[in-house]
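Below are the chains, spelled out letter by letter.
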Amino acid sequence: MNGSFSTRMLRTIAAWVVVAIFFFPIYYWTSVAFKHGNDIFNRPPKLFAFTPTFDNFQKVFGISLSSGGITVTPGGGNFYMAPRVWDSIVIATLSTVLAVAIATLAAYALSRMNFRGRHSFVGWVLSTRMMPPVAVAVPMFFIYKNFGLIDTYTGMVLIHALMNLPLAVLLMKSFFDDIPSEIDESAIVDGASRFMIFRRIVLPMAKGGIAATAVLCFIFSWTEFLFALTLTTTSLKTVPVVSSTFVTSIGTAWGNMAALGAASIIPAFIFILLVQKHLVRGLTMGSLKQ
């Protein structure tokens, strides 16, 4: 009994240590966003004993804290980045919806339909994911320039959806493969069409896989840098691209950069919370066999 209790305690302590190790960089980066310039460069670092300030958030988002509460005032300084966060949210959300919508249809066909060259097609999809983005960045720039897609939401949504599509197709195919095909066969015998089976039977059973795929697509789109840098100019920028503008000729604005970085975690966190009901099941689908 004592040995079992000691083992559980050791496991609990070890788990908390691991969580603390992974959480500490996030805490430290967030704390920098609330520090004055002198506190940021203080040695030894001030981990807890510092006077918090909203100056960095005021410069980046126009957010200030006063006796009347939190107020938001749109700014226009060099470090005002609220519109850039909105750009990232729109691009990541729409590209995720587009990629997942196309991937579910393609993955279902690859999982359920036998056609000539199916395995070769799956291998080709996998190979496109292995291709480095820098190999197509310049050609895509000239294509976008000819079609007038430079610096547009449409262009960025399309390229991010295209970037995530191979991964989404392969993931969704693995989830559909774990759903017994006998369900489809029984529904066909009862007179259901293939699309009806997909929409009313298979798709609800694959909600966990769709949630897991959507989270990965959203994160990859949110953190993508190369295409966002190459295919945009001034009116449209994403968070990873504008983060580089905090490095100036007189130094790096660490406080402002930390404020932008801390705030950029929130949309991804909210998106994960919205799909968390199905996320765990999607990530563990196929790990247990009946």
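Everything quoted here is computed from the prediction, not taken from an experiment.

Okay, the overall build of the chain next. Regarding its fold elements, the chain presents 13 helices and 4 strands. Per-residue burial for the chain yields a buried fraction of 37% across its 290 residues. Relative to all contacts within the chain whose residues are 6 or more apart in sequence, the contacts with residues 24 or more apart total 69%. Accessible area for the chain stands at about 17,200 Å²; split by element, carbon and sulfur atoms hold 69% of it.

We now examine the side chain of H160. Relative to the helices and strands, H160 is located in helix α7 (residues 153–177). For H160, a relative accessible area of 0% gives the class buried.

Below, the discussion takes up the pattern of salt bridges. Enumeration according to the criterion identifies 5 salt bridges in this entry. With a shortest N-O distance of 3.1 Å, D184 and R112 are connected by a salt bridge. Here D184 is found in helix α8 (residues 182–189), whereas its partner R112 is found in helix α4 (residues 82–112), with 72 residues between them in sequence. Notably, a salt bridge pairs R194 with D184, separated by 3.6 Å at the nearest N-O pair. Of this pair, R194 sits in helix α9 (residues 194–205) while D184 sits in helix α8, and the two are 10 residues apart along the sequence. A relative accessible area of 31% places R194 in the partly exposed class. Accessibility expressed as a relative area gives 2% for D184, which makes it buried.

Our focus in this paragraph is the packing of aromatic side chains. In total, this model carries 13 aromatic pairs according to the counting rule given. Between the aromatic rings of F57 and F61, the centroid separation amounts to 6.5 Å while the plane-to-plane angle is 25°, which identifies the pairing as stacked. On the criterion of helical spacing, the pair formed by F57 and F61 is a turn pair, its members being 4 residues apart in helix α3 (residues 55–61). Looking at F57, the relative accessible area reads 10%, which means it is buried. F61 gets classed as buried once you look at its relative accessible area, which sits at 11%. A centroid spacing of 6.3 Å and a plane angle of 65° characterise the contact between F176 and F198, whose relative ring orientation is edge-to-face. Remark: F198 occurs in helix α9 and F176 occurs in helix α7; sequence separation between them is 22 residues. Residue F176 shares its accessibility class with F198, and that shared class is buried.

Rules used throughout
Residues numbered from 1 in each chain as written. Predicted model: local features only at pLDDT ≥ 70, side-chain atom pairs only at ≥ 80, totals over all residues. Heavy atoms only, no water. Helix = DSSP H or I, 4+ residues; strand = E, 2+ residues; numbered from the N terminus. Buried < 20%, exposed > 50% of the residue type's maximum accessible area, 1.4 Å probe, protein only. Contact = heavy atoms within 4.5 Å. Areas by Shrake-Rupley, 256 points an atom, 1.4 Å probe, with all protein chains shown as cover. Salt bridge = Lys/Arg side-chain N within 4 Å of Asp/Glu carboxyl O. Phe/Tyr/Trp six-rings, centres within 6.5 Å; stacked < 30°, edge-to-face > 60°.

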